[in-house]
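Structural description and commentary
Residue strings, one per chain:
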Amino acid sequence: MAVDDILHTSQHPLLHSSGAHANNKKKNINFVSLAKWVLKFTMWIVFLAWVALFFVIPTDFGSELYFDWIGATSESPFGYTGSMLLLYSAPIIIIALLAVPYLLISGEDRLQLQEKKTPRFRLWTFPVLVDGPLGVVSAAELIGMILFIVFVVWDGYFYTAVVLRTIPDDIPKEQCCFILINLGHRIGTIGLYCLAFLFLPVARGSVLLRLIDIPFEQAIRYHVWLGHFTMLLFTLHGLLFVIAWTIEGTLLQEMLQWVDLGISHFPGVISLVAGLMMWMTSLYPVRKKKFELFYYTHQLYLIFIVFLALHVGGFIFCISAGGIFLFILDRFLRFCQSRKTVDIISIKCLPCGTMELMLSKPANLRYNALSFIFLQVQELSWLQWHPFSVSSSPLDGKYHLSILIKVIGEWTEKLRGNILNSSRVDLHLRPQTKITASVEGPYGHELPYHLMYENLILVAGGVGISPFLAILSDILHRTREGKPCLPRNILIVWAVKRSNELPLLSTNDMELICPFFSNKLNLEIHIFVTRESQPPLEEGQVHEATNSSPFVSNNCNMSVLVGTGNNMWLGLYVISSSLGFVILLYLLDIFYINPYDISPWWYTGLLFVICMLASVFIFGGIVVGLWHLWERQNAAREACKDDRIMVEKMQHNEIEAHEDSCQQKLASSINTYYGSRPDFKDIFGDISKKWGCVDVGAIVCGPPSLQTSVAKEIRSQNIRRQRNHPIFHFNSHSFEL
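Residues numbered from 1 in each chain as written. Predicted model: local features only at pLDDT ≥ 70, side-chain atom pairs only at ≥ 80, totals over all residues. Heavy atoms only, no water.

An unreviewed UniProt entry annotates the protein as ferric-chelate reductase (NADH) originating from Quercus rubra. One UniProt comment on the protein, placed under Catalytic activity (unreviewed entry), says "2 a Fe(II)-siderophore + NAD(+) + H(+) = 2 a Fe(III)-siderophore + NADH". Check the Cofactor (unreviewed entry) section of the UniProt entry for the protein; it says "FAD". (UniProt positions renumbered as here; feature names shortened; annotations may be inferred.)

**A few points about the overall build of the protein**
Looking only at helices and strands, one finds 22 helices and 16 strands in the protein. Burial status across the protein gives 51% buried among its 737 residues. Residue pairs at least 24 apart in sequence account for 80% of intrachain contacts in the protein once pairs closer than 6 positions are excluded. For the protein, the accessible area works out to roughly 35,500 Å², and carbon and sulfur atoms hold 63% of it. (Helix = DSSP H or I, 4+ residues; strand = E, 2+ residues; numbered from the N terminus. Buried < 20%, exposed > 50% of the residue type's maximum accessible area, 1.4 Å probe, protein only. Contact = heavy atoms within 4.5 Å. Areas by Shrake-Rupley, 256 points an atom, 1.4 Å probe, with all protein chains shown as cover.)

**Here's the deal with helix α2 (residues 60-73)**
A rise of 1.5 Å per residue sets the reference length of α2, with its 14 residues, at 20 Å; its end C-alpha atoms lie 20 Å apart and thus fit the reference within 8%. Along α2, the residues classified as buried are Gly62, Ile70 and Thr73. The buried residues of α2 occupy one face: seen down the axis, they fall within an arc of 85°. Away from its buried face, by an angle of more than 90 degrees, α2 presents the exposed residues Phe61, Glu64, Phe67, Asp68, Gly71 and Ala72. (Expected span 1.5 Å × (residues − 1). Arc of directions from axis to C-beta.)

**As for a positive patch on the surface**
A surface patch of like charges, here positive, comprises Lys497, Arg498, Arg531 and Arg677. Relative to the elements of secondary structure, Arg531 occurs in the loop between β12 (522-529) and β13 (546-548). (Patch = residues over 30% accessible without salt bridge, like charges linked within 9 Å, V, L, I, M, F, W, Y side chains within 5 Å. Salt bridge = Lys/Arg side-chain N within 4 Å of Asp/Glu carboxyl O. Lys, Arg positive; Asp, Glu negative; His and termini not counted. Charge placed at Lys NZ, Arg CZ, Asp CG, Glu CD.)

**Looking at the pairing of strand β6 (residues 372-377)**
The buried fraction of β6 is high, at six of six residues. Of the two faces of β6, the one carrying Phe372, Phe374 and Gln376 and the one carrying Ile373, Leu375 and Val377 are both buried. Here five bridges tie β6 to strand β9 (residues 437-443), and the two strands are oriented antiparallel to one another. Paired with Phe374 across the strands is Glu440, a residue of β9. In this sheet, strand β7 (residues 386-389) lies alongside β6 in antiparallel orientation, the contact comprising four bridges. For Ile373, the partnering residue across the bridge sits in β7 and is Phe388. (Pairing = 2+ DSSP bridges.)

**Description of the environment of Gly79**
With respect to the element layout, Gly79 can be found in helix α3 (residues 79-106). A relative accessible area of 15% means that Gly79 is categorised as buried. For Gly79 and Ile593, which are 514 residues apart along the polypeptide, the C-alpha to C-alpha distance reads 10.0 Å. Leave out the neighbours within four places in its chain, and Gly79 touches Thr73 and Ser74.

**Thoughts on the packing of aromatic side chains**
With the rule as written, the count across this model stands at 43 aromatic pairs. Taking the centre distance of 5.8 Å and the plane angle of 50° together, the rings of Phe78 and Tyr586 count as tilted. In this pair, Phe78 is assigned in the loop between α2 and α3 and Tyr586 in helix α17 (residues 567-593), connecting sequence segments 508 residues apart. Considering the side-chain rings of Phe332 and Phe617, the 5.2 Å spacing of their centres and the 45° angle between planes classify their relative orientation as tilted. Pair noted here: Phe332 is in helix α13 (residues 314-338) and Phe617 is in helix α18 (residues 601-638), with a separation of 285 residues, a long-range link. (Phe/Tyr/Trp six-rings, centres within 6.5 Å; stacked < 30°, edge-to-face > 60°.)

**Side note on the nonpolar core**
Core analysis: the largest hydrophobic core is formed by 120 residues, its most contacted members being Tyr88, Phe317, Leu357, Leu375, Tyr573 and Phe608. Grouped together as the second largest cluster of nonpolar side chains are 36 residues, Leu350, Ile465, Leu472 and Ile490 included. (Core = buried A, V, L, I, M, F, W, Y, C linked by side-chain atoms within 4.5 Å.)

**What about the sheet that holds β7?**
One open sheet accounts for four strands, arranged β3-β9-β6-β7; its pairing is antiparallel. A single partner strand is all that each edge strand has here, and the edge strands are β3 (341-342) and β7. As paired elements, β3 and β9 share two bridges and run antiparallel to each other. The partner of Thr341 across the bridge, within β9, is Ser438.

**Describing the pattern of salt bridges**
Applying the stated criterion across every chain yields a total of six salt bridges. Glu440 serves as the salt-bridge partner of Arg204, at 2.6 Å between the closest nitrogen and oxygen. Here Arg204, found in the loop between α5 (177-198) and α6 (207-212), pairs with Glu440, found in strand β9; they are 236 residues apart in sequence, far enough to count as distant. With a relative accessible area of 16%, Arg204 lands in the buried category. A relative accessible area of 2% means that Glu440 is categorised as buried. Note that Glu356 and Lys348 form a salt bridge whose closest N and O atoms lie 3.8 Å from each other. The exposure class of Lys348 is partly exposed, given its relative accessible area of 28%. Residues joined by salt bridges that share partners form a network here, namely Arg204, Asp330, Arg334 and Glu440.

**Concerning the environment of Phe126**
By the secondary structure assignment, Phe126 is in the loop between α3 and β1 (127-129). Sequence separation between Phe126 and Arg715 is 589 residues, and the spatial gap between their C-alpha atoms is 7.0 Å.

**Quick look at unusual backbone geometry**
Cis geometry marks the peptide bond from Gly441 to Pro442, where omega comes out at 5°. Unlike most non-glycine residues, Asp597 shows phi in positive territory, near 50°. Mapped onto the secondary structure, Asp597 falls in the loop between α17 and α18.

**Things to note about a nonpolar patch on the surface**
Among the surface-exposed residues, Ile575, Leu579, Ile583, Tyr586, Leu587 and Phe591 lie close enough to one another that they form a single nonpolar patch of about 570 Å² accessible area. Summarising the element assignment, Leu579 is placed in helix α17.

**Quick word on helix α7 (residues 216-248)**
Here α7 contains 33 residues, and its C-alpha end-to-end distance of 47 Å stays within 8% of the 48 Å for a straight helix at 1.5 Å per residue. Directly beyond the C-terminal end of α7, a positive phi value near 80° is found at Gly249.

**Regarding the packing of α5 against α7**
Closest axis-to-axis distance for the α5/α7 pair is 8 Å, and the angle between their directions is 160°. Comparing their axes, α7 and α5 come out roughly antiparallel. The element α5 and its partner α7 pack so that their crossing is left-handed. (Axes fitted to C-alpha atoms, helices over the stretch in contact; angles between N-to-C directions. Parallel < 35°, antiparallel > 145°, perpendicular 65-115°, else oblique. Left-handed = near helix turned anticlockwise from the far one by under 90°.)

**Considering the packing of α5 against α13**
Here α5 crosses α13 at 20°, and the two axes come no closer than 6 Å. Judged by the inter-axis angle, α5 sits roughly parallel to α13. Crossing of α5 over α13 shows right-handed handedness. Side by side, α5 and α13 meet where Leu192, Tyr193, Leu195 and Ala196 of the first sit next to Ile316, Ile319, Ser320 and Gly323 of the second. Residues that form the contact of α5 with α13 fall into these classes: six nonpolar, two polar and no charged. (Nonpolar A, V, L, I, M, F, W, Y, C, P; charged D, E, K, R; others polar.)

Below you can see the structure in the form of structure tokens.
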């Protein structure tokens, strides 16, 4: 009996503790889910209200609400500027602030890899337009474009109606220049509405892009579309004024006008000229042939923004200030990150002319297998940053990432020459050429797209195989380690011009990463060599790569300030900068503008821009400084340099030991076709028969023509699909330089 009592008293607390732990865990999960739902619902409400504002304001009802709002809020210390700031810019900044706790509490919970029993249709992954000048456009993107065009037409209609109602009956038609001027004002206002969205997609590490999981290489498309539309409106805005002034005979006087009260014309002329230069050089033919001209001219956005603020004044500039402020936040972080020199651990020159660079990174820097970085080499240019896909998995090593660079242009040719020169030494054993690298990023999907499907089709052209090497390595690592990973069937379709590019595929040792991977993963590789009709005579021979160790030894890792940086520090940075902006505006109004009755519109616009910049540099800069110190302390604690070198040497020796087995495994799954191009109709048709009723994720990395061909066939397959056919989901990856 005593024994039973002892057992009862000893077991009951354990059972009670286990049950309590399970209940607490369940409560925590429920609390996190509820918090995420509340945050998401609030952000949607704020966003929809913000968008509805742009639709409602031009109407009579919206005008009444607008003047009631101005009357109720303009008596505050912030005046009209505060009223406009709360109305137009505060909503998008509030969404960014709410996105910070959402990302913090989401964490790894955002990756929910659940098996899908039935295929699902998604607007984001269904290609609708594939042959037009816009490239591949998904259903969701098409809906967004239609809604945006409806918005512009809606505003244009109501603003035109307002202008027509103000035309007096007794004014002759030849003297109705005010019609053109009023229309110009209304079109300029619509242009400011578009400008409110223009800078959001180019904030590479923005919390907004991470919130909605749109990587920068896809978001840049929206910036291009919005840029064309915005500059078209601003150009029409300026043209109407020029026509009116020409009719009145006061063109030169009006263009040079710079007044204190009202809108100053001369700053607007400067802003428009800068915008036109950026617009003209960003057109595809110019950007393709003269990339440096496009890149350098695009830095005129600073002049465009500053003189736009001088043109319209502080309170009108508030219409677009929210998106511009978030861009400044991102740009300052990128500037801080890019000032750091990054060690190049090793360089490998492959026989096909492609270079593999291994860059040093801290262990706490996160990225996924579809990420990319921007690389700058100071010896080549202090201003040029070029994007390159990451070719290594985050599981390949804690202290490095790799990129593949193909020599296809002037910049990459110079880089290869510098690398070859850096491997040579003179009589004093000193390098002839130094290589100094700086990095921005990594950027990419917040969620690993490639892990969310049991069936993957990876289509690459040339060096576009680079991110797929990272994907394959990531899947193999996860399969070996038992981490969440859905893919079980993988088809790689790779089109190359020459057979000398084939060694790129063997840069990863699959057997070393995951022994006996063929038992766990169904992998097929179809290679199409388009410009060779038959295998070369030396097929099967292994061409050795040239390895070199660059003479950069500063013990410097990549910075974690942008890309997928620490969410806590990023949140503190956004919050402190936003609060600092409000504080500086308040102090400016209380101690300067109101006491001294500062009234010139252009001057208040300049002060507003200065407050935006100062809030980021001062308040945000303090957080960035603390963030940098925290990063340095982590790096010192890890003492990663010696460990990293040891790991690299061990990996190198193991790769040599397993090279033969890797080649044998690959040979059984590779089919090489010479003198032909991939027929995606046959390929996708065979996949439908083999894989059955499933979702299929298709990722394309290559030139626009390749993306168009794949998207066209995916659309056809989905339209013609029957009950036993899969649904194909399309995702493109553009940065394969």
